[in-house]
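Observations on the three-dimensional arrangement
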Amino acid sequence: MMLEQQFALDRAYNTPATDYRRIAVAPLSGACGAEIRGVDLAGTLDDATVAEVRRALLDHLVVFFREQALTPARLAALARRFGELHVHPFAEGMAEHPEILVVRKAKTDRFNFGGEWHADVTWSETPPLGSILYAERVPAWGGDTLFANQYMAYDALSEGMQRMLSGLRAVHSAARVYAPTGYYAADEYQRMGGTQVRPSEQARREYVHPVVRTHPETGRRCLFVNASYTERFEGMTREESRPLLEYLFEHAVRAAFTCRFRWQTGSVAFWDNRCVLHNAINDYPGEERLLYRATVIGERPA
Ligand code: SIN
């Protein structure tokens, strides 16, 4: 609460550009997110349309489409227009499309997949450029996804904190989530009818990334830590790292940095995983939610 009171925007983020020719772009909040209209993602997109979608992604960090009709093959083909696809080593892909992750919560499940603020797969050498999520079945209420702008999170820090963080690197791993001792390995998760996960010792592997990264396409600096996968600062213990990391996890997702997306069947979200965090809200007990995700591999953060 105090944090929100102390924060004031000193420049506009997420303002609409007017020079799109192939698509219409309507911003969703003052922080990030825009709905794109005038595109049928199931069709073959020409290069100019793909370039404009990519520009909208860079401008708005996460873009949304409504009333789409994507098959898994079409989703994979769409995602490949933006780069090579990632196959998740610890979570279920579709039998015929291992590169398509099944994001599912069954009616009887208590937990959901991705229900914590995070960026995808930061426990890898080259964390994703972005993910494209397509909604097949959505709950009658709830099940929204939140997104948080990490340029804003960085810009809102004091100069002293920005300077200090710029010299730090952080250790990321999937252990807290996907190791045999991780939370997806708990009995209740394993009984889920939802996304099937394969806890593994491999999840303990560690990767080091800068705490503040420079976005390779926009050249802007953003915060690059997340509560799910950032373990500690390089060269420090977990205990030493925790207070500052906890502060950053909380700071990174201030309400003023976020937008909230309400899903409908046929909705698509495409987020830039390099500069945005997301959180799937688990507020729909007794309802089913089924989405498919294609994840585009990115570059080594610098
Ligand atoms: C994810 O983290 O990929 C899942 C997001 C969602 O289900 O909204």
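Description of the structure in this document. (Residues numbered from 1 in each chain as written. Predicted model: local features only at pLDDT ≥ 70, side-chain atom pairs only at ≥ 80, totals over all residues. Heavy atoms only, no water.)

1. Focus: the overall build of the chain
Note the threshold: Going along the chain from the N terminus, every DSSP run of H or I of four or more residues is numbered as a helix, and every run of E of two or more is numbered as a strand. Each residue is placed in one exposure class: buried if its accessible area under a 1.4 Å probe, protein chains only, is under 20% of its type's maximum, exposed if it is over 50%, and partly exposed if it falls in between. Working rule for contacts: check all heavy atoms of both residues, and any pair within 4.5 Å makes them a contact. Note that His is not counted, nor are the chain ends; the positive residues are Lys and Arg, and the negative ones are Asp and Glu. By convention, the point assigned to a charge is CZ for Arg, NZ for Lys, CD for Glu and CG for Asp.
Looking only at helices and strands, the chain has eight helices and 15 strands in total. Overall, the chain is about 50 × 50 × 35 Å in size when its C-alpha atoms are taken along their principal axes. Out of the 302 residues in the chain, the part that is buried amounts to 57%. For the chain, the share of sequence-separated contacts (at least 6 apart) that also reach a separation of at least 24 residues comes to 81%. For the chain, the separation between the mean place of its 35 positive charges and that of its 38 negative charges on side chains is 1 Å.

2. Section: helix H5 (residues 159-166)
Condition: This arc is built from the directions going out from the helix axis to the C-beta atoms.
Taken together, the buried positions of H5 are Met161, Gln162 and Leu165. Down the axis of H5, the buried side of the element spans an arc of 100 degrees, and every buried residue falls inside it. Facing away from the buried side of H5 by over 90 degrees, the exposed positions are Glu159 and Arg163. If you follow the buried residues of H5, they end up packed against helix H4 (150-155), strand S9 (212-214), strand S10 (221-223) and helix H8 (238-251).

3. A look at the packing of H5 against H8
Definition in use: To get an axis, fit a line to the C-alpha atoms, keeping to the stretch in contact for a helix; angles then go from 0 to 180 degrees between the N-to-C directions. The hand of a helix crossing depends on one turn: near helix anticlockwise from the far one by less than a right angle means left-handed, and clockwise means right-handed. Any residue that is not Ala, Val, Leu, Ile, Met, Phe, Trp, Tyr, Cys, Pro, Asp, Glu, Lys or Arg is counted as polar, Gly included; the first ten are nonpolar and the last four charged.
It is the contact of H5 with H8, at a shortest axis distance of 14 Å, that shows an interaxial angle of 120 degrees. Two packed elements cross with a definite hand, and for H5 against H8 that hand is left-handed. Here Met161, Met164 and Leu165 of H5 lie close against H8, whose contacting residues are Leu244, Tyr247 and Leu248. Counted by class, the contact of H5 with H8 contains six nonpolar, no polar and no charged residues.

4. Concerning the site of the ligand
Short version of the rule: Near residues are defined by distance, with any heavy atom within 4 Å of the molecule or strand qualifying the residue. In protein, a polar contact requires one atom able to donate a hydrogen and another able to accept it; more generally it is a pair of N or O atoms within 3.5 Å, and residues adjacent in sequence count only if both atoms are side-chain atoms. To measure how exposed things are, a 1.4 Å probe is used in the Shrake-Rupley method; for residues, cover is taken only from the protein chains shown.
Around the ligand, a shell composed of Val103, Phe113, Gly114, His118, Asp120, Leu133, Thr145, Trp271, His278, Ala280, Arg289 and Arg293 is seen. Within the contact set of the ligand, an oxygen atom lies 2.6 Å away from a side-chain nitrogen or oxygen of Thr145. For the ligand, an oxygen atom lies 2.7 Å from a polar atom in the side chain of Arg293. Protein chains shield 100% of the accessible area of the ligand, which is 260 Å² for the free molecule. Those elements giving two or more residues to the shell around the ligand turn out to be strand S14 (276-280) and strand S15 (289-296). In the shell around the ligand, the residues fall into five nonpolar, four polar and three charged.

5. Focus: H8
Rule in force here: Multiplying 1.5 Å by the residue count of a helix minus one yields the expected span of that helix. Given a residue, its bend is the angle between the two axes fitted to the seven residues that end at it and to the seven that start from it.
For H8, spanning 14 residues, the distance from its first C-alpha to its last is 19 Å, which sits close to the expected 20 Å at 1.5 Å a residue. A maximum bend of about 30 degrees is found in H8 at Leu244. Buried within H8 are the following residues: Ser241, Leu244, Leu245, Leu248, Phe249 and His251.

6. Quick notes on the nonpolar core
Cut-off, in case you're wondering: Put simply, a nonpolar core is a bunch of buried Ala, Val, Leu, Ile, Met, Phe, Trp, Tyr and Cys residues held in one set by side-chain atoms that sit within 4.5 Å of each other.
With 64 residues, the main nonpolar core has Phe147, Leu165, Tyr178, Val211, Leu223 and Leu248 as its most contacted residues. Here Leu223 is in contact with Gln150, Ala153, Tyr154, Leu157, Leu165, Val211, Val212, Leu248, His251 and Ala252, once residues within four sequence places are set aside. In this structure, Val39, Leu41, Val50 and Val63 belong to the second largest nonpolar core, which totals 33 residues.

7. Focus: the sheet that holds strand S4 (residues 100-105)
Convention followed: Two strands pair under a simple rule: DSSP has to find at least two bridges between them.
Taken in spatial order, the seven strands of this open sheet run S1-S2-S3-S13-S5-S15-S4, and their pairing is mixed. Of all strands in the sheet, those bounded by a partner on one side alone are strand S1 (24-27) and S4. This sheet shows a mean twist of 25 degrees between the axes of neighbouring strands, independent of strand direction. For S4 and S15, the ladder comprises six bridges, and the chain directions are antiparallel. Bridging from a neighbouring strand, Lys105 pairs with Arg289 of S15. Contacting S4, strand S5 (130-137) and S15, helix H3 (residues 72-80) crosses the sheet at an angle of about 30 degrees to S15.

8. Observations regarding the sheet that holds strand S12 (residues 258-261)
With antiparallel pairing, three strands are arranged side by side in an open sheet as S12-S6-S14. Edge positions in the sheet fall to S12 and S14, since each has one partner strand and no second. Between one strand axis and the next, the sheet turns through 20 degrees on average, direction left out of account.

9. Thoughts on the packing of aromatic side chains
Note the following rule: Only rings of Phe, Tyr and Trp enter the pairing, Trp through its six-membered ring, and a pair is recorded when the two centres are within 6.5 Å. The plane angle decides the type: under 30 degrees is stacked, over 60 is edge-to-face, the rest tilted. To sit over a ring, a charge needs its Lys NZ or Arg CZ within 6 Å of the ring centre and within 35 degrees of the ring normal.
Tallied over the full model, the rule gives eleven aromatic pairs. On the basis of an interplanar angle of 80 degrees and a centroid distance of 6.1 Å, the ring pair of Trp123 and Tyr229 is categorised as edge-to-face. On the criterion of sequence distance, the pair formed by Trp123 in the loop between S4 and S5 and Tyr229 in the loop between S10 and strand S11 (230-233) is long-range, its members being 106 residues apart. Across the pair, Tyr229 and Trp123 agree in class, each one buried. With centroids separated by 4.9 Å and ring planes inclined at 80 degrees, the aromatic side chains of Phe261 and Trp263 adopt a geometry described as edge-to-face. Comparing Phe261 with Trp263 shows no difference in burial state: the two are buried. The rings of Phe90, Phe113, Trp123, Tyr178, Tyr184 and Tyr229 are connected pair by pair, giving a single aromatic cluster. If you follow Arg55 out to its NZ or CZ, it ends over the ring of Tyr20, 4.4 Å from the centre.

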